[in-house]
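Read off the chains here:
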Amino acid sequence: MTDSIKIDILRYRPESDNEPVWQSYDVPFTNEMSLLEALAYIKDELDPTLSYRWSCRMAICGSCGMMVNGVPKLGCKTFLRDYKNGMKVEALANFPIERDLVVDMSDFIEKLEAIKPYIINDNPRALEDGCHTQSPKQMAQYKQFSMCINCGLCYAACPQYGLDKSFTGPAALALLHRYNQDSRDAGKAERMKIVNAEEGAWGCTFVGYCSKVCPKDVDPAAAIQLGKVDSAKDYVIAMFKPGE
Amino acid sequence: MSKRKPYERKMGATWWLKNTFHTKYIIREGSSLVIAIYSFVLLFGLFRLSQGAEAFNGWVEAMSQPGWIVFHLLSLAWTLYHSITWFSLAPKAANIWLGQKRVPDSWIVSGMYGALAVISLAGLILVLI
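The paragraphs below set out a description of the structure included in this document. In every chain, residue numbers begin from 1 and rise along the written sequence. Each chain gets a letter, beginning with A, and each ligand a number, beginning with 1, in the order they are written. Note on the predicted model: pLDDT of at least 70 is required for a residue's local features to be given, and 80 or more for side-chain atom pairs to be given and counted; whole-chain, interface and lining totals, by contrast, use all residues. With hydrogens and water excluded, all non-hydrogen atoms of the structure serve as input to the side-chain values.

## Brief notes about the environment of A:S146
Residue and element names in this part refer to chain A. Relative to the helices and strands, S146 resides in the loop between helix 3 (136-140) and helix 4 (153-157). Given a relative accessible area of 31%, S146 falls into the partly exposed group. A C-alpha to C-alpha distance of 8.3 Å links S146 and A174, two positions 28 residues apart in sequence. Strands here are runs of E lasting at least two residues and helices are runs of H or I lasting at least four, both read from the DSSP assignment and numbered beginning at the N terminus. The classification of residues rests on relative accessible area computed with a 1.4 Å probe and restricted to protein chains. Under 20% of the type maximum is buried, over 50% is exposed, and intermediate values are partly exposed.

## Overview of the environment of A:D164
Residue and element names in this part refer to chain A. Looking at where D164 falls in the secondary structure, it is placed in the loop between helix 5 (159-163) and helix 6 (170-180). With a relative accessible area of 39%, D164 lands in the partly exposed category. Along the backbone, D164 and E199 are 35 residues apart, and their C-alpha atoms lie at a distance of 8.9 Å.

## Re a nonpolar patch on the surface
Residue and element names in this part refer to chain B. Nonpolar side chains (Val, Leu, Ile, Met, Phe, Trp, Tyr) within 5 Å and like charges within 9 Å form the patches, drawn only from residues with over 30% relative accessible area and no salt bridge. Shrake-Rupley sampling with a 1.4 Å probe provides the accessible areas, and residues are treated as covered by the protein chains on show and by no other component. Here, a salt bridge means any side-chain nitrogen of Lys or Arg that lies within 4 Å of a carboxyl oxygen of Asp or Glu. A cluster of nonpolar residues, I69, L73, L76, L80, I84, Y113 and L116, forms a patch on the protein surface that exposes about 630 Å² of accessible area. Of all elements in the fold, only helix 3 (66-89) and helix 4 (105-128) reach the threshold of two or more residues within the nonpolar patch. Among the elements that make up the nonpolar patch, the one with the highest residue count is helix 3 (five residues). Within the secondary structure, L76 sits in helix 3. Classification of L76 by relative accessible area gives partly exposed; the value is 49%.

## Remarks on the side chain of A:H177
Structurally, A:H177 is set in helix 6. Relative accessible area serves as the criterion here: at 5%, A:H177 is assigned to the buried category.

## Some details on unusual backbone geometry
Residues and elements named next belong to chain A. The backbone phi angle of A59 is positive, close to 55°, even though this residue is not glycine. Its place among the elements puts A59 in the loop between helix 1 (35-46) and strand 3 (65-68). The class for A59 is buried, based on a relative accessible area of 9%.

## Things to note about the layout of surface pockets
Within this model, the largest pocket holds a volume of roughly 590 Å³. A pocket, in this scheme, is an open set of points on a 1 Å grid over the protein atoms alone with protein on both sides within 12 Å along at least 5 of 7 lines, while a cavity is a set where a 1.4 Å probe fits but cannot get out; residues line either one if an atom lies within 4 Å of a point. Around the largest pocket, the lining comprises 22 residues; the ones closest to its centre are A:A93, A:N94, B:K10, B:M11 and B:K18. Of all the secondary structure elements, the ones that give two or more residues to the lining of the largest pocket are helix 4 and helix 5 of chain A. Under the convention adopted here, Pro, Cys and the residues Ala, Val, Leu, Ile, Met, Phe, Trp and Tyr are nonpolar, Asp, Glu, Lys and Arg are charged, and Gly plus all remaining residues are polar. Here the residues of the lining of the largest pocket are counted per class, giving eleven nonpolar, five polar and six charged. Grid points are joined across faces, edges and corners, and a volume is the space filled by probe spheres set on the points.

## Here's the deal with the interface of chain A and chain B
Contacts between the two partners involve 40 residues from chain A, matched on the other side by 22 residues from chain B. Taken over both partners, the interface formed by chain A and chain B buries close to 2600 Å², and the fraction arising from carbon and sulfur atoms is 56%. In this structure, the connection of chain A to chain B is made through five salt bridges. The shortest N-O distance in the salt bridge between A:E90 and B:R9 comes to 2.9 Å. Distance and chemistry together define a polar contact, namely a pair of N or O atoms within 3.5 Å, with one atom able to donate a hydrogen and the other to accept it when in protein, and with adjacent residues in sequence counting only for side-chain atoms on both sides. In this structure, the connection of chain A to chain B is made through 17 residue pairs in polar contact (both at pLDDT 80 or more). Among the elements of the structure, strand 5 (87-91), strand 6 (97-99), helix 3, helix 5, helix 8 (209-213) and helix 9 (220-239) of chain A are those that each provide at least two residues to the side of chain A that touches chain B. Top element by residues in the side of chain A that touches chain B is helix 9 of chain A. It accounts for five residues. Its residues assigned to classes, the side of chain A that touches chain B comprises 21 nonpolar, ten polar and nine charged. Should any heavy atoms of two residues lie within 4.5 Å, those residues are counted as being in contact. Note on terms: buried area is the combined drop in 1.4 Å-probe accessible area of two parts once they are placed together, counting the loss on both.

Shown next, in the form of structure tokens:
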């Protein structure tokens, strides 16, 4: 006998719905089944109109972010066996719902672009100078922050972003910190303007949920607090340089 | 013609009750309000001290009323809660290295508790001598 599990999904079809509505599905349960596989089962066998995003199925691409019982999760990294009493699935919080489980992430993408997420160096090393060397300590300053897959779970976890969309937000500020900490980079002064702004690091009230929900163990909350430390140093140093 | 009609969900005033992590965050932040009220009471005591011995003694006497003792006990409990949550978050704002090794988070947290113990002991000695 096949056990089944009840999955409630918040549906939203812009052409017919004025607001999202819950719809229930019974999905055959196996111990190894991920939520993403369950959604594929629903789309293939029960309801082809269901929309959701996915690609890699292994927590690399960051496409399948969604709310599971109110907690931001990757569909591919969430298993039915942990939700035997059923699950309520809805589109990632704090983003506009485009259709069903698909959200509009363009605001997040613009923020990622705005923090200059690339190595800035006006005097790059010439080829004949050989390769860059970095000590393990220099690499440890930024490595974990470079593991972000842009899934947006941290934005769904962040009430500050939910309440005020002008806040730069966890992933973008963590990526900013990643480039500021890279010993090959010389763009810190440019990026500090973004950190110092009201909607930069100081827009964060250290809820800390972003780091908790990150599927790749990045610690955006730490990046932002270290950004505040940098920003405070900037402020004090500026007081002693009245000319600038 | 575009058929897009993105739907924005509203957070509402009770957003922090829907997730236990957020509820704990609001309690943690709320505890700082209690500390602010306590600080105002203490500042008022300092103000009375500046007005002379009689004024200050009046304030001390008022503070020994049962209601105020309960207030101070509650303030102490909330302050301890606030300190515990603050100490546990402190390592995130610190990037301290000893040579080629990052100082473990547990050292920073222990250091905060150690500092609290030393300062409390110093305060106690000051009061008792």
